[in-house]
Amino acid sequence: MHSLLLAMSLAGLTSATDIEYIEKRSGGGDSIYEAINDDLARYTILALGCAAAAYYIWQLVFRFSRHLRRLASFSDDRQRAFAWIKEHIIYASLFRNRHNREIQLSSALNMGTLPSRFHFFLITGVVAMNVTLCCVTTPFGSAESSLAGIVRNRTGTMATVNLIPLVLMAGRNNPLIAMLHVPFDTWNLLHRWLGRIVVLESLAHVFAWAIPNAQKKGWSAVGKSLGGSSFLLSGFVAACAFTALLMHSPSPIRHAFYETFLHLHIAIAAVSMGFLWVHLDGLVAQTYLLASIILWALERGTRFFIIVYRNCGRESTTATIEAMPGDAMRITLRMARPWTFRPGQHIYLYIPAVGLWTSHPFSVGWSENEDSLSDEKSLPLTNQDLLSAPHKETISLLVRRRTGMTDKLFRRAANAMGSKITLRAFAEGPYGNIHTMDSYGTVMLFAGGVGITHHVPFVRHLVAGFADGTVAARRVTLVWIIQSPEHLEWIRPWMTSILAMDRRREVLRIMLFVTRPRNTKEIQSPSATVQMFPGRPNIDTLIGMEVENQIGAMGVLVCGNGGLSDDVRRVCRKRQARSSVDYVEESFTW
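As the structure is a prediction and not an experimental result, all values here were calculated from the model.

**Overview of the nonpolar core**
Judged by nonpolar contacts, the single largest core of 44 residues is most densely connected at Leu163, Trp187, Phe242 and Leu276. With 8 residues, the top contributor of residues to this core is helix H9 (residues 184-217). By size, the runner-up hydrophobic cluster in this structure holds 39 residues, among which are Tyr440, Phe458, Val459 and Ile498.

**As for a nonpolar patch on the surface**
A surface patch of nonpolar side chains, about 440 Å² in accessible area, is lined by Tyr56, Ile57, Leu60, Val61 and Met179. No other element matches the 4 residues that helix H3 (residues 29-72) contributes to the nonpolar patch. Of note, valine 61 is situated in helix H3.

**Details of the packing of aromatic side chains**
The full count for this structure, using the stated rule, is 9 aromatic pairs. Measuring from ring centre to ring centre gives 6.2 Å for phenylalanine 120 and phenylalanine 121, while their planes differ by 55°; the resulting arrangement is tilted. Note on phenylalanine 121: relative accessible area 44%, which makes it partly exposed. Of note, arginine 196 hangs over the ring of tryptophan 193, and the distance from its end group to the ring centre comes to 4.7 Å.

**Here's the deal with empty space enclosed by the protein**
Any empty space left between atoms is shown by rolling a water-sized probe over those atoms. Evaluation of the coordinates by the stated rule reveals 1 cavity of 30 Å³ or more. Taken as a whole, the largest cavity encloses approximately 40 Å³ of empty space. Lining the largest cavity are Arg310, Met335, Trp339, Ile347, Ile395, Ala427, Glu428, Gly429 and Pro430. When residues of the lining of the largest cavity are assigned to their parent elements, the largest contribution, 4 residues, is made by strand E7 (residues 426-432). Its residues placed into classes, the lining of the largest cavity shows 6 nonpolar, 1 polar and 2 charged.

What counts and what doesn't
- Residues numbered from 1 in each chain as written.
- Predicted model: local features only at pLDDT ≥ 70, side-chain atom pairs only at ≥ 80, totals over all residues.
- Heavy atoms only, no water.
- Core = buried A, V, L, I, M, F, W, Y, C linked by side-chain atoms within 4.5 Å.
- Buried < 20%, exposed > 50% of the residue type's maximum accessible area, 1.4 Å probe, protein only.
- Helix = DSSP H or I, 4+ residues; strand = E, 2+ residues; numbered from the N terminus.
- Patch = residues over 30% accessible without salt bridge, like charges linked within 9 Å, V, L, I, M, F, W, Y side chains within 5 Å.
- Areas by Shrake-Rupley, 256 points an atom, 1.4 Å probe, with all protein chains shown as cover.
- Salt bridge = Lys/Arg side-chain N within 4 Å of Asp/Glu carboxyl O.
- Phe/Tyr/Trp six-rings, centres within 6.5 Å; stacked < 30°, edge-to-face > 60°.
- Lys NZ or Arg CZ within 6 Å of the ring centre and 35° of its normal.
- 1 Å grid on protein atoms, 1.4 Å probe; cavity = no way out; pocket = protein on both sides within 12 Å on 5 of 7 lines; lining within 4 Å.
- Points joined across faces, edges and corners; volume = space filled by probe spheres on them.
- Nonpolar A, V, L, I, M, F, W, Y, C, P; charged D, E, K, R; others polar.

Shown next, in the form of structure tokens:
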């Protein structure tokens, strides 16, 4: 009934009899708006659910189309109908061509990145929805005291109900990532903006109570009211905690002190929810807070279970860290239990010896089984002994030295004998793998520096799939941009295995660009399918050459610094009207 009457009031169809009926049932005029607030909270959840369902249907259409394309190995020209949408919305930067290139004010001050045009529309939609729901049915022409009470209750209810998607978007195990194929960094962006909305609604809730009382009795009376009521005091502390979350999370602070920010963020969020629970005791809005707390507990519990299951057994997970040229490390994890690895996945790595509670995301570059033979002096002598020897799953990462955990880890490895050290580790995951390149006849992979880690599994998978006839790929081109030929050592054992794969020469071409060679003699192409060039690549020329020789639909995947990603994005946008080119960007913005 509340929902029906609200819809009628929005349409101007609610009569005086309807209002009188609600007043009698609710116990007064103010209770009318309490009922409406509850309805609007439900509409918020319903609107977000409908948006997710619509996007899910959109994704199903494209997934089915890609599946048919992979089976038949043909170019899906029907997707050209979406060329304008991809060029001007999905792939478009907000202004000109800048999206993933960081706004660096100085070497120590990073302002983050600009959202894409599609992200901007999502943010605008979330903001518009909250503004609309906070203002609709509000009687702005009523008495000031009555209006303040309605605004106070409305903003408080909206702030509480928004905690549900806020907590859901922040989780690594967010089920919507796999369901909607939306990457974690997009959810992280929405989490930050929805958090700002929650803080603003909380402040509006507090001021809508404090200002009218201060006007009547003075600010000293407001202070006395806070001290004499646990209901008011707990709400005020919760609002202060929400504000603290906003104040310590701007991009420069977050990037400069990320590990401190993360743990402080979690602690303050727990404090704010605890005091908010006391404040909402006995109110309907406490149900929405309970839902957000349950989601948070489930996500944390899932993460704990994954860590224990993956890393604890008869043996524990260990990490062998090898210092490499160019301030990089190759980390080989010997897992306590095997896991199914797929291209595009990443893990969160914990190494207690250098950071007890610190974890960082790293793309998995290689995965294989290795024999774990006995440590006894005698070796297995029979084939049966060899076959029965246990196999241990190894996962390899390539990590660039930065600050904090990676800097400590690099220094410990570099100072060890043989520039190699083995430590106890915990791997959380796998996460990711929302993109697949199996349905494209032509695949182009751009990597900058350690971004090659993300692409090596795709190259391995596509070459094997071409030989087995399980993927549509007929042309695979890997473009890797490095500063020095020494950086080739990072992936030499992995690339040696790929170059030895069956029918590799028929499908794979590798182009290496060395931006800072010491002399031209270092630049020597090993073969026609593995070529080296000095300087930076011309992205427009390289993609243009592939488009001219394109077989089927073309997929372009990039993983590198923001400048490289923006250049590849710009060129792919230009090609939308003339060819079927899909652009996929792998990034982790925080």
